[in-house]
Amino acid sequence: MAAPRKIAFKTELKQLMDIIIHSLYTNREVFLRELISNASDAIDVLRFDSLTDKKLRQESSQWKIKLVPHEEAGTLTVSDNGIGMNREEIARNLGTIARSGTRELLDKLKDAGAGRQLELIGQFGVGFYSSFMVADKVTVVSRKAGEKPADAVKWVSDGQGKYTVEPAEKQTCGTDVVLHLRSEDKDYLQSWRIRQIVRKFSDFIEHPVVMDVEAEKDGGKRVEEEMLNSRQAIWLRSKSEVAGEEYREFYKHITRDVEDPARVVHYAAEGTLNFKALLFLPAHKPFELFSGQPRSRLQLYINRVFITDDCDKLLPAYLRFVRGVVDCADLPLNVSREMVQQNPLLEKIQRNLVKKVLADLEEMKSKEYGAYRKFFSDFGTVLKEGAYADFSNRESLADLLLFESTGAEPGDYVTLAKYVENMPEGQEEIYYLFGESRPEMEKSPYLEVFRQRGREVLLLTDPIDEWTVQGLAAYKGKKFKAVDRGELEEKEPSQSSRKDEKEKFAGLLEYLSGQLEDVEEVRLSARLTESAACLVSPEDGMGAQMERLLKRIGRQDDLPESRRILELNPEHPAVVNLQEIHRKDPDDPRVIDHARLLYDLAVVAEGSKVKDPAAFARRINELLLKDRA
Ligand code: ADP
Ligand code: MG
């Protein structure tokens, strides 16, 4: 028979494998976890399919993953009796990366340090290729369940860019992965080492992981199958019986994270609704948090039978960072995965899980504030999605939010509860300002009067905050109020001179209204103490921050025609001067010129761009020239 044709791996895959083989020297033992986990997945698929497919039922036997070290040949084989692969599947699954993220992963890998690469690879999932960390040749023989022994296939590669696929024979369905170990990795043939790795990484795998060992029996020696894993589904055990280490390994097993989880939530719901849940909060932001369709992905089991690791019905999207397992024995097993996901029980479970997760976050916030702050800086933005999307849990979510504030040091936060608690007598609203960055906002003219009156203002810099406060509308009966919008309700009692000022400026204000482009109204300001002028939006208008955001993402077409209000500070010398000029001669061209300048300065002060920079520069120049030495 002619030698089988060599097929090249997809370029990206070749590059990826080079990185895996050449730069990952730590933690290489994880290859065994990856292969056992693939074998276990393959058994899960066949077991599940045989529930509905009678033909496959004959295949289902004693589910088993067998490890076979072969001293002379220098090979370690991982065998399973799971679903197996046909010719086309083996080429697709092992010769390309079926996932679309390959390019992205590679780019990330190139600029990541060696320590980070393993984590990246883990998260993107190149499980099978980790074989090449310890093997210089890998042979995979597989037979798909339901097909004949002669229909098996054999895949061979040295990890150097090419692989071959040829027909083969295999008596049972499933897959044998044969690793030809590198000379420096021969210790993976030793049974103590294999035992150790299985216990460490795969102890809770539900199917037996076995190995042949020589045992003394009745004075003679004979070969026996030893079971290497304890097979305990840890979520079914009670909390007090599970060691911290077991939780951590299990978390790493299901998430491929290399770091320990930040929190573990393990509980059993009993009563009208029965299920077990083992949930984890990761200690850091995963890469996919904001890419792709935002959806939660918990693992769903029905009485220990794995159904799917992609169930988005168990948690809302805003809790998508939560990972873990839910096992509910009350769900029907004998229907398809899609049907299970439609079951109304899932909604009930979701309500229960959300309450638990939010309560756990609340506990972390009150008992381990430092850890919570770290958590919030990674996942706060996602949680805020819930604050406007999840009406039924709005209050608990609002309590979990942290904001920067004029009342807290930079980098520190306040809660809404704390803000309300600190509100002085007479303050009825929760003040906030949007902006790009805190240092920029601290210079904002909008804060002047609040600072003077000792009022705290929340400083919102996360683009989603705009929606969050709109969604929340109020907290404990106190409405949110943007300091750069609408009129300020609160009047300072000492400002009885206001009325006189109004009369004094009435002529100027009336004259200016309608003279300035983009300005709907010109009025006196109650919010300025130092600056001469500022721009505010009408109460129902779009804030400047939102406007800038839309412009930045190229959606200026979505902008409604902006109607801004120019507010003048009647105590500022420049404004007093302007009023004087107008009083003496309403037709003095300096009136409109100065007003334009004040307007442009207000635009600059809020961090936006002036419309006509040349005209702005000309006006400033003229002023400078007037002040000759
Ligand atoms: P993942 O397990 O995350 O999908 P892997 O690189 O570990 O990624 O495996 C790639 C694919 O190869 C799997 O999705 C599966 O389709 C197939 N595969 C790997 N090992 C086996 C096996 N033992 N039996 C059946 N299919 C397998
Ligand atoms: Mg895998």
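The sections below set out a description of the structure shown in this document. Quick caveat: nothing in here was measured; it's all calculated off a predicted structure.

With that settled, consider the sheet that holds strand β17 (residues 458-460). Strand-to-strand pairing in sheets goes through backbone hydrogen bonds, with the strands running parallel or antiparallel. Pairing in this open sheet of five strands is mixed, and the strands run β15-β17-β16-β19-β18 from one edge to the other. Here the strands that pair on one side only, and so sit at the sheet edges, are β15 (404-405) and β18 (474-475). Where strand β16 (residues 429-434) and strand β19 (residues 478-482) come together, four bridges link them in parallel fashion. Bridge pairing links Tyr 431 to Lys 481 in β19. Running over the sheet, helix α16 (residues 465-472) touches β16, β17, β18 and β19 and is turned about 160° from β16.

Surrounding ligand 1, one finds 12 residues, the nearest of these being Asn 38, Asp 80, Asn 93, Phe 128 and Arg 256. Within the side chain of Thr 175, a nitrogen or oxygen atom sits 3.3 Å from a nitrogen atom of ligand 1. Coverage of ligand 1 by the protein chains reaches 79% of its 520 Å² of free accessible surface. Those elements that provide at least two residues to the shell around ligand 1 are α2 (30-52) and α4 (87-95). Among the residues forming the shell around ligand 1, the class breakdown is five nonpolar, four polar and three charged.

Right, let's get into the pairing of strand β7 (residues 174-181). Summarising burial for β7: six of the eight residues are buried, a large majority. Inspection of the sheet shows strand β3 (residues 75-80) paired to β7 by six bridges, in the antiparallel sense. Each residue of the ladder has a partner; that of Thr 75, found in β7, is His 180. In the sheet, strand β4 (residues 135-143) pairs with β7 via eight bridges, with the strands oriented antiparallel. Across the sheet, Ser 142 pairs through a bridge with Thr 175, a residue of β7.

Turning our eyes to something else, we now look at the nonpolar core. Residues Leu 353 and Leu 383 are the most contacted members of the largest nonpolar core, which totals 105 residues. At nine residues, helix α10 (residues 345-367) tops the list of elements feeding residues into this core. Leaving out residues up to four positions away in the same chain, Leu 383 has contacts with Tyr 318, Leu 319, Phe 321, Leu 361, Tyr 372, Phe 375, Phe 376, Leu 397 and Leu 400.

In this structure the tally under the stated criterion is 42 salt bridges. Of the charged contacts in the structure, one is a salt bridge between Glu 225 and Lys 64, with a shortest N-O distance of 3.0 Å. Of this pair, Glu 225 sits in strand β9 (residues 220-227) while Lys 64 is found in the loop between α3 (54-57) and β2 (65-70), placing the two residues 161 residues apart along the sequence. For the salt bridge of Lys 478 with Glu 428, the shortest nitrogen-to-oxygen distance reads 3.7 Å. One end of the pair, Lys 478, is in strand β19; the other, Glu 428, is in the loop between α13 (416-422) and β16, with 50 residues separating them in the sequence. Connected via shared salt-bridge partners are Lys 64, Lys 66, Asp 212 and Glu 225.

Okay, helix α21 (residues 613-626) next. In a regular helix each residue adds 1.5 Å, so 14 residues correspond to 20 Å; α21 covers 20 Å between its end C-alpha atoms and thus fits that length. Those residues of α21 lying buried are Ala 615, Phe 616 and Arg 619. Here the buried residues of α21 occupy an arc of 105° about the axis, which is enough to place them on one side. Among the exposed residues of α21, those pointing more than 90 degrees away from its buried face are Ala 614, Leu 624 and Leu 625. Residues of α21 that are buried sit in contact with α20 (589-605).

Let us look at the sheet that holds β4. Taken together, the nine strands give an open sheet; going across it, the order is β1-β6-β5-β4-β7-β3-β2-β8-β9, and neighbouring strands pair in mixed fashion. Looking at which strands have only one partner, the edges of the open sheet turn out to be β1 (6-8) and β9. For this sheet, the mean angle separating the axes of adjacent strands, direction not counted, is 25°. α4 contacts β4, β5 (152-157) and β6 (162-168) of the sheet and is inclined by roughly 160° relative to β6. The strands touched by helix α7 (residues 191-202) are β2, β3, β8 (209-217) and β9; relative to β8, the strand with the most contacts, the crossing angle is about 135°.

Following both chains from N to C, one finds helix α19 (residues 573-584) and α20 inclined at 160°, their axes separated by 9 Å at the closest point. Judged by the angle between their axes, α19 and α20 are roughly antiparallel. Here α19 and α20 pass one another in a crossing that is left-handed. Contacts from Val 575, Asn 577, Leu 578, Ile 581 and His 582 in α19 reach Arg 590, Val 591, His 594, Ala 595 and Leu 598 in α20. Classifying every residue of the contact of α19 with α20 by side-chain character gives six nonpolar, three polar and one charged.

Right, let's talk about the environment of Ala 150 for a bit. Mapped onto the secondary structure, Ala 150 falls in the loop between β4 and β5. When the C-alpha positions of Ala 150 and Ala 168 are compared, they lie 6.4 Å apart, and in sequence the two are 18 residues distant. Those residues in contact with Ala 150 that sit more than four places away from it in its chain are Ala 168 and Glu 169.

The subject of this paragraph is helix α8 (residues 244-255). Between the first and last C-alpha of α8 there are 17 Å, a value that for 12 residues agrees with the 16 Å anticipated at 1.5 Å per step. Among the residues of α8, Tyr 247, Glu 249, Phe 250, Tyr 251, Lys 252, His 253, Ile 254 and Thr 255 are the ones counted as buried. Among the structural elements, α2, α7, β10 (263-269), β11 (275-281), β12 (298-302) and β14 (323-327) are those in contact with the buried residues of α8. Trailing α8 by a residue or two, Arg 256 shows a phi angle of about 65°, which is positive.

Looking now at the packing of aromatic side chains. Each aromatic ring pair is characterised by the separation of its centres together with the angle its planes make. In the structure shown here, the tally under the stated rule is 18 aromatic pairs. In this structure an aromatic cluster arises from ring pairing among Phe 321, Tyr 372, Phe 375, Phe 376, Phe 379 and Tyr 413. Seen from the ring of Tyr 267, Lys 356 lies directly overhead, with NZ or CZ sitting 4.6 Å from the centre.

About the cut-offs
- The numbering scheme is per chain: residues are counted from 1 as the chain's sequence reads.
- Written order determines the labels here, with chains lettered from A and ligands numbered from 1.
- Two thresholds apply to this predicted model, a pLDDT of at least 70 for residue-level local features and 80 or more for giving and counting side-chain atom pairs, whereas whole-chain, interface and lining totals are computed over all residues.
- Heavy atoms from the whole structure form the basis of all side-chain values; hydrogens and water molecules are not counted.
- Two strands form a pair only when DSSP identifies at least two bridges running between them.
- Here a strand is any run of E in DSSP of at least two residues, a helix any run of H or I of at least four, and the numbering for each starts at the N terminus.
- Any two residues whose heavy atoms approach within 4.5 Å at even a single point are treated as in contact.
- In this description, a line fitted to the C-alpha atoms serves as the axis of each element, helices being fitted only across the stretch in contact, and the angle between N-to-C directions of two axes falls anywhere from 0 to 180 degrees.
- We call a residue near a molecule or strand as soon as one heavy atom of that residue lies within 4 Å of the molecule or strand.
- Residues adjacent in sequence count toward polar contacts only when both atoms are side-chain atoms; beyond that, a polar contact is any pair of N or O atoms within 3.5 Å, and within protein one must be able to donate a hydrogen and the other to accept it.
- The accessible surface values rely on the Shrake-Rupley method and a 1.4 Å probe; as for residues, cover is taken only from the protein chains in view.
- Residues are grouped as follows: Ala, Val, Leu, Ile, Met, Phe, Trp, Tyr, Cys and Pro are nonpolar; Asp, Glu, Lys and Arg are charged; all remaining types, including Gly, are polar.
- Burial classes follow relative accessibility: with a 1.4 Å probe on protein chains only, a residue under 20% of its type's maximum area counts as buried, one over 50% as exposed, and anything between as partly exposed.
- The term nonpolar core refers to a set of buried residues drawn from Ala, Val, Leu, Ile, Met, Phe, Trp, Tyr and Cys, joined through side-chain atoms within 4.5 Å.
- Salt bridges, as used here, are contacts in which a Lys or Arg side-chain nitrogen is within 4 Å of a carboxyl oxygen on Asp or Glu.
- For a helix, the expected span equals 1.5 Å multiplied by the number of residues minus one.
- Each direction from the helix axis to a C-beta atom contributes to the arc, which is the arc of those directions.
- To sort the angles, those under 35 degrees are grouped as roughly parallel, those over 145 as roughly antiparallel, those from 65 to 115 as roughly perpendicular, and the leftovers as oblique.
- Two helices that cross are described as forming a left-handed crossing if the nearer one is turned anticlockwise from the farther one by less than a right angle, and a right-handed crossing if clockwise.
- Aromatic rings from Phe, Tyr and Trp, taking only the six-membered ring of Trp, are treated as a pair when their centres fall within 6.5 Å; an angle between ring planes under 30 degrees marks them as stacked, one over 60 as edge-to-face, and anything in between as tilted.
- Distance and angle both matter: a charge sits over a ring if NZ of Lys or CZ of Arg is within 6 Å of the ring centre and within 35 degrees of the ring normal.

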